[in-house]
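Architecture and fold: a report
Chain by chain, the residues:
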Amino acid sequence: MILVTGATGNIGSALLQELHVCGAGPLRGLTRDAARASFPKGVEAVEGDFADMASLEPALEGVRSLFLVSRMGSDADILGAARQAGVEHVVLVSSITVQTHPHLGPADENLAVERLLKGSGMAWTILRPTQFASNALWWAASIREHQPVRVPYADIGLPTIHPADIASVARVALTKSGHQGRTYALTGPERVTARQQVAAIAVALEREVPFAEISREEAHRDMAVFLGDEAADAVLDVTGGDVNDELLKVRDTVSRVTDSPARRFRQWVSENTAAFR
(Lines give C-alpha, C1' and ligand atoms only; values in the text may rest on other atoms or scores of the structure.)
Protein backbone atom coordinates (compact mmCIF):
# COMPACT_ATOMS: atom_id res chain seq x y z
CA MET A 1 0.00 0.00 0.00
CA ILE A 2 1.25 3.47 -0.98
CA LEU A 3 -0.26 6.47 0.80
CA VAL A 4 -0.08 9.85 -0.93
CA THR A 5 -0.68 12.80 1.37
CA GLY A 6 -1.75 16.13 -0.09
CA ALA A 7 -3.48 14.00 -2.69
CA THR A 8 -5.52 16.84 -4.20
CA GLY A 9 -2.55 19.22 -4.42
CA ASN A 10 -0.32 20.09 -7.37
CA ILE A 11 2.15 17.29 -6.69
CA GLY A 12 -0.08 14.72 -5.00
CA SER A 13 -2.76 14.65 -7.69
CA ALA A 14 -0.16 14.19 -10.43
CA LEU A 15 1.59 11.50 -8.39
CA LEU A 16 -1.59 9.49 -7.87
CA GLN A 17 -2.28 9.63 -11.59
CA GLU A 18 1.23 8.44 -12.46
CA LEU A 19 1.14 5.64 -9.90
CA HIS A 20 -2.24 4.53 -11.23
CA VAL A 21 -1.06 4.54 -14.85
CA CYS A 22 2.08 2.53 -14.07
CA GLY A 23 0.08 -0.10 -12.18
CA ALA A 24 1.49 0.58 -8.73
CA GLY A 25 -0.75 -0.31 -5.90
CA PRO A 26 -2.80 -0.62 -3.92
CA LEU A 27 -3.04 3.18 -3.70
CA ARG A 28 -4.56 5.46 -1.08
CA GLY A 29 -4.97 9.23 -1.23
CA LEU A 30 -5.27 11.36 1.91
CA THR A 31 -7.64 14.32 1.74
CA ARG A 32 -9.63 16.42 4.16
CA ASP A 33 -12.86 15.75 2.23
CA ALA A 34 -13.08 12.36 0.55
CA ALA A 35 -16.50 13.14 -0.92
CA ARG A 36 -15.05 15.95 -3.01
CA ALA A 37 -11.86 14.16 -4.05
CA SER A 38 -11.58 13.07 -7.67
CA PHE A 39 -9.05 10.24 -7.79
CA PRO A 40 -8.31 7.68 -10.53
CA LYS A 41 -10.52 4.61 -10.45
CA GLY A 42 -9.34 2.13 -7.85
CA VAL A 43 -7.57 4.69 -5.66
CA GLU A 44 -8.91 4.61 -2.11
CA ALA A 45 -9.81 8.05 -0.76
CA VAL A 46 -9.35 8.44 2.99
CA GLU A 47 -10.03 11.47 5.13
CA GLY A 48 -7.42 12.83 7.49
CA ASP A 49 -6.12 16.09 8.90
CA PHE A 50 -2.54 16.73 9.97
CA ALA A 51 -3.91 18.83 12.81
CA ASP A 52 -5.70 15.73 14.17
CA MET A 53 -3.26 12.85 14.54
CA ALA A 54 -6.02 10.42 15.49
CA SER A 55 -7.53 10.92 12.04
CA LEU A 56 -4.33 9.69 10.41
CA GLU A 57 -4.34 6.27 12.06
CA PRO A 58 -6.89 4.69 9.65
CA ALA A 59 -5.09 6.26 6.69
CA LEU A 60 -1.76 4.70 7.74
CA GLU A 61 -3.14 1.23 8.37
CA GLY A 62 -1.40 -1.29 6.13
CA VAL A 63 0.76 1.37 4.45
CA ARG A 64 4.31 0.43 3.52
CA SER A 65 5.35 3.54 1.51
CA LEU A 66 4.42 7.14 2.28
CA PHE A 67 4.64 10.32 0.19
CA LEU A 68 4.87 13.34 2.49
CA VAL A 69 5.16 17.08 1.96
CA SER A 70 7.05 18.64 4.86
CA ARG A 71 5.73 21.20 7.33
CA MET A 72 2.03 20.53 6.80
CA GLY A 73 1.60 19.59 10.44
CA SER A 74 3.70 18.25 13.30
CA ASP A 75 6.26 16.31 11.29
CA ALA A 76 7.63 14.60 14.39
CA ASP A 77 4.17 13.27 15.22
CA ILE A 78 3.44 12.30 11.61
CA LEU A 79 6.69 10.39 11.23
CA GLY A 80 6.22 8.78 14.62
CA ALA A 81 2.74 7.61 13.63
CA ALA A 82 4.07 6.30 10.33
CA ARG A 83 6.81 4.33 12.06
CA GLN A 84 4.32 2.96 14.58
CA ALA A 85 2.00 1.88 11.75
CA GLY A 86 4.77 -0.08 10.05
CA VAL A 87 5.63 2.29 7.20
CA GLU A 88 8.95 1.22 5.72
CA HIS A 89 9.82 4.01 3.25
CA VAL A 90 9.03 7.73 3.19
CA VAL A 91 9.50 10.02 0.18
CA LEU A 92 9.69 13.54 1.59
CA VAL A 93 9.29 16.80 -0.32
CA SER A 94 11.62 19.34 1.26
CA SER A 95 13.13 22.42 -0.46
CA ILE A 96 16.25 23.28 -2.41
CA THR A 97 16.75 26.20 -0.02
CA VAL A 98 18.15 23.68 2.48
CA GLN A 99 21.32 23.76 0.37
CA THR A 100 21.07 27.18 -1.29
CA HIS A 101 19.91 29.33 1.67
CA PRO A 102 20.47 27.33 4.86
CA HIS A 103 20.52 30.53 6.93
CA LEU A 104 16.84 31.27 6.25
CA GLY A 105 14.23 30.18 8.78
CA PRO A 106 12.08 28.08 6.41
CA ALA A 107 15.17 26.27 5.13
CA ASP A 108 16.25 25.47 8.68
CA GLU A 109 12.77 24.12 9.41
CA ASN A 110 12.91 21.87 6.33
CA LEU A 111 16.35 20.63 7.34
CA ALA A 112 14.99 19.76 10.77
CA VAL A 113 12.28 17.60 9.14
CA GLU A 114 14.88 15.88 6.97
CA ARG A 115 16.89 15.04 10.10
CA LEU A 116 13.77 13.71 11.82
CA LEU A 117 13.13 11.39 8.89
CA LYS A 118 16.73 10.19 8.72
CA GLY A 119 16.63 9.38 12.43
CA SER A 120 13.23 7.69 12.29
CA GLY A 121 14.46 4.21 11.45
CA MET A 122 12.46 4.20 8.21
CA ALA A 123 14.05 4.20 4.76
CA TRP A 124 13.94 7.61 3.14
CA THR A 125 14.21 9.55 -0.11
CA ILE A 126 14.37 13.34 0.05
CA LEU A 127 13.29 15.62 -2.80
CA ARG A 128 14.47 19.23 -2.78
CA PRO A 129 12.65 21.14 -5.54
CA THR A 130 13.26 24.72 -6.56
CA GLN A 131 10.56 27.33 -7.29
CA PHE A 132 7.32 25.77 -8.57
CA ALA A 133 5.90 26.78 -11.96
CA SER A 134 2.52 26.83 -10.23
CA ASN A 135 3.66 29.84 -8.16
CA ALA A 136 2.58 31.84 -11.21
CA LEU A 137 -0.99 31.32 -9.97
CA TRP A 138 -0.22 34.11 -7.50
CA TRP A 139 -0.74 36.43 -10.47
CA ALA A 140 -3.96 34.82 -11.72
CA ALA A 141 -6.40 37.28 -10.16
CA SER A 142 -4.51 40.31 -11.52
CA ILE A 143 -4.30 38.78 -14.99
CA ARG A 144 -7.98 37.83 -15.06
CA GLU A 145 -8.87 41.41 -14.08
CA HIS A 146 -6.49 42.85 -16.71
CA GLN A 147 -4.43 44.47 -13.97
CA PRO A 148 -0.62 44.69 -14.11
CA VAL A 149 1.43 41.82 -12.75
CA ARG A 150 3.65 43.54 -10.18
CA VAL A 151 6.89 41.72 -9.29
CA PRO A 152 10.40 42.55 -8.05
CA TYR A 153 13.53 41.10 -9.65
CA ALA A 154 11.76 40.83 -13.01
CA ASP A 155 14.81 39.70 -14.96
CA ILE A 156 16.35 37.16 -12.60
CA GLY A 157 15.69 33.70 -13.99
CA LEU A 158 15.24 30.66 -11.76
CA PRO A 159 15.08 27.06 -13.05
CA THR A 160 11.37 26.80 -12.24
CA ILE A 161 10.02 23.25 -11.95
CA HIS A 162 6.71 21.79 -13.11
CA PRO A 163 5.04 20.12 -10.06
CA ALA A 164 4.38 17.05 -12.21
CA ASP A 165 8.14 16.53 -12.51
CA ILE A 166 8.40 16.36 -8.73
CA ALA A 167 5.61 13.78 -8.89
CA SER A 168 7.46 11.81 -11.56
CA VAL A 169 10.60 11.59 -9.43
CA ALA A 170 8.50 10.60 -6.42
CA ARG A 171 6.79 7.88 -8.46
CA VAL A 172 10.14 6.37 -9.41
CA ALA A 173 11.40 6.57 -5.82
CA LEU A 174 8.27 4.84 -4.55
CA THR A 175 8.18 2.04 -7.10
CA LYS A 176 11.77 1.26 -8.10
CA SER A 177 14.87 0.21 -6.21
CA GLY A 178 18.03 2.24 -5.81
CA HIS A 179 16.49 5.46 -4.50
CA GLN A 180 16.39 4.86 -0.77
CA GLY A 181 18.90 6.93 1.15
CA ARG A 182 19.14 9.45 -1.70
CA THR A 183 18.61 13.22 -1.71
CA TYR A 184 17.62 14.78 -5.04
CA ALA A 185 17.84 18.48 -5.89
CA LEU A 186 15.18 19.10 -8.53
CA THR A 187 14.89 21.93 -11.07
CA GLY A 188 13.27 22.61 -14.39
CA PRO A 189 15.25 22.40 -17.64
CA GLU A 190 15.89 26.13 -18.03
CA ARG A 191 16.01 29.42 -16.18
CA VAL A 192 12.87 31.52 -16.66
CA THR A 193 12.49 35.11 -15.46
CA ALA A 194 9.25 36.53 -14.11
CA ARG A 195 9.04 38.73 -17.19
CA GLN A 196 9.36 35.67 -19.43
CA GLN A 197 6.76 33.78 -17.41
CA VAL A 198 4.22 36.56 -17.84
CA ALA A 199 5.06 36.76 -21.55
CA ALA A 200 4.38 33.02 -21.88
CA ILE A 201 1.02 33.46 -20.19
CA ALA A 202 0.22 36.35 -22.54
CA VAL A 203 0.99 34.16 -25.56
CA ALA A 204 -1.32 31.43 -24.24
CA LEU A 205 -4.09 33.97 -23.63
CA GLU A 206 -3.51 35.62 -27.01
CA ARG A 207 -3.61 39.07 -25.44
CA GLU A 208 -1.33 41.56 -23.77
CA VAL A 209 -0.74 41.13 -20.04
CA PRO A 210 0.36 44.36 -18.31
CA PHE A 211 3.60 43.99 -16.39
CA ALA A 212 5.34 46.25 -13.86
CA GLU A 213 8.60 45.74 -12.01
CA ILE A 214 8.39 47.02 -8.44
CA SER A 215 10.90 47.51 -5.66
CA ARG A 216 11.65 44.97 -2.97
CA GLU A 217 10.08 47.33 -0.44
CA GLU A 218 6.79 47.45 -2.35
CA ALA A 219 6.76 43.70 -2.79
CA HIS A 220 7.52 43.15 0.90
CA ARG A 221 4.66 45.41 1.93
CA ASP A 222 2.22 43.44 -0.22
CA MET A 223 3.48 39.99 0.76
CA ALA A 224 3.85 40.61 4.48
CA VAL A 225 0.08 41.09 4.78
CA PHE A 226 -0.38 37.38 3.99
CA LEU A 227 2.94 35.81 4.96
CA GLY A 228 4.34 37.94 7.76
CA ASP A 229 7.63 39.87 7.67
CA GLU A 230 10.06 36.96 8.07
CA ALA A 231 8.43 34.72 5.48
CA ALA A 232 8.08 37.61 3.04
CA ASP A 233 11.80 38.37 3.37
CA ALA A 234 12.65 34.69 2.81
CA VAL A 235 10.53 34.50 -0.35
CA LEU A 236 12.07 37.69 -1.71
CA ASP A 237 15.58 36.44 -0.99
CA VAL A 238 15.08 33.17 -2.88
CA THR A 239 13.28 34.80 -5.82
CA GLY A 240 16.01 37.29 -6.56
CA GLY A 241 17.22 39.26 -3.55
CA ASP A 242 19.88 36.78 -2.52
CA VAL A 243 20.59 34.66 -5.58
CA ASN A 244 23.66 32.44 -5.79
CA ASP A 245 25.08 29.88 -8.17
CA GLU A 246 23.43 26.97 -6.33
CA LEU A 247 20.00 28.56 -6.66
CA LEU A 248 20.46 29.42 -10.34
CA LYS A 249 21.94 26.07 -11.36
CA VAL A 250 19.93 23.99 -13.85
CA ARG A 251 20.10 20.33 -12.83
CA ASP A 252 19.38 17.26 -14.93
CA THR A 253 18.09 15.22 -11.97
CA VAL A 254 14.55 14.87 -13.32
CA SER A 255 15.67 13.43 -16.64
CA ARG A 256 18.27 11.15 -15.02
CA VAL A 257 15.83 9.68 -12.52
CA THR A 258 12.76 9.42 -14.75
CA ASP A 259 14.36 8.87 -18.18
CA SER A 260 12.11 11.65 -19.49
CA PRO A 261 12.97 15.31 -20.15
CA ALA A 262 11.87 17.84 -17.56
CA ARG A 263 8.81 19.85 -18.54
CA ARG A 264 9.27 23.46 -19.62
CA PHE A 265 7.39 26.36 -18.06
CA ARG A 266 5.38 26.93 -21.20
CA GLN A 267 3.98 23.39 -20.89
CA TRP A 268 2.68 24.21 -17.43
CA VAL A 269 1.09 27.36 -18.85
CA SER A 270 -0.59 25.43 -21.66
CA GLU A 271 -2.10 23.04 -19.10
CA ASN A 272 -3.32 25.84 -16.81
CA THR A 273 -4.32 28.67 -19.15
CA ALA A 274 -7.92 28.56 -17.93
CA ALA A 275 -6.80 29.81 -14.51
CA PHE A 276 -5.76 33.12 -16.06
CA ARG A 277 -8.78 33.76 -18.32
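Here, every reference points to the structure presented above.
Residues numbered from 1 in each chain as written. Predicted model: local features only at pLDDT ≥ 70, side-chain atom pairs only at ≥ 80, totals over all residues. Heavy atoms only, no water.

**Thoughts on the environment of glutamate 18**
The condition is simple: We count a stretch as a helix when DSSP gives it H or I for four or more residues in a row; a strand needs E for two or more, and each element gets its number in order from the N terminus. Note on contacts: a residue pair is in contact if any heavy atoms of the two residues lie within 4.5 Å.
Counting through the fold element by element, glutamate 18 comes out in helix H1 (residues 10–21). When the C-alpha positions of glutamate 18 and arginine 171 are compared, they lie 6.9 Å apart, and in sequence the two are 153 residues distant. When neighbours within four sequence positions are excluded, glutamate 18 is seen to be in contact with Ala164, Ala167, Ser168, Arg171 and Arg263.

**With respect to the packing of aromatic side chains**
Rule in force here: When the centres of two rings from Phe, Tyr and Trp lie within 6.5 Å, Trp using its six-membered ring, the rings pair. Their planes under 30 degrees apart give stacked, over 60 give edge-to-face, and anything left gives tilted. A 1.4 Å probe rolled over the protein chains alone gives each residue an accessible area, and that area as a share of the maximum for its type sets the label: buried under 20%, exposed over 50%, partly exposed in between.
Here the structure, examined in full by the defined rule, presents two aromatic pairs. Taken together, a centroid distance of 6.1 Å and an interplanar angle of 75° make the contact between tryptophan 268 and phenylalanine 276 edge-to-face. Given a relative accessible area of 3%, tryptophan 268 falls into the buried group. The exposure class assigned to phenylalanine 276 is buried, which follows from its relative accessible area of 0%. In textbook terms, an aromatic cluster arises when at least three aromatic residues are bridged by ring pairs, as seen for Phe265, Trp268 and Phe276.

**Re the nonpolar core**
How we decide: Residues belong to a common nonpolar core when they are buried Ala, Val, Leu, Ile, Met, Phe, Trp, Tyr or Cys residues joined through side-chain atoms within 4.5 Å.
Ranked by internal contacts, the top residues of the largest apolar core, which has 31 residues, are Val4, Leu15, Leu19, Phe67, Leu127 and Leu186. Among the elements of the structure, strand S1 (2–4), H1, strand S5 (89–93), helix H7 (163–175), strand S8 (182–186) and helix H12 (253–258) are those that each provide at least two residues to this core. Among all residues touching leucine 15, those that are not within four sequence positions of it are Val4, Phe67, Ala167, Ala170, Arg171 and Leu174. Phe50, Leu66, Leu117 and Met122 belong to the second largest nonpolar core, which has 21 residues in total.

**A word on the packing of helix H9 (residues 216–227) against helix H10 (residues 229–241)**
Counted only if it meets this: In this analysis, axes come from line fits to C-alpha atoms, helices being fitted only over the stretch in contact, and the angle between any two N-to-C directions falls in the range 0 to 180 degrees. Working rule for angles: under 35 degrees goes down as roughly parallel, over 145 as roughly antiparallel, 65 to 115 as roughly perpendicular, anything else as oblique. It is the rotation of the near helix from the far one that decides the hand of a crossing: anticlockwise by less than a right angle makes it left-handed, clockwise makes it right-handed. Residue polarity follows a fixed list, in which Ala, Val, Leu, Ile, Met, Phe, Trp, Tyr, Cys and Pro are nonpolar, Asp, Glu, Lys and Arg are charged, and the others, Gly among them, are polar.
Contact geometry of H9 with H10 gives a least axis separation of 8 Å together with a crossing angle of 135°. The orientation of H9 with respect to H10, classified from their angle, is oblique. The two elements H9 and H10 meet at a crossing, and its hand is right-handed. Counted together, Arg216, Ala219, His220, Met223, Ala224 and Leu227 of H9 and Asp229, Ala231, Ala232, Asp233, Val235, Leu236, Asp237 and Gly241 of H10 form the full contact between these two elements. When grouped by side-chain class, the residues that make up the contact of H9 with H10 number eight nonpolar, two polar and four charged.

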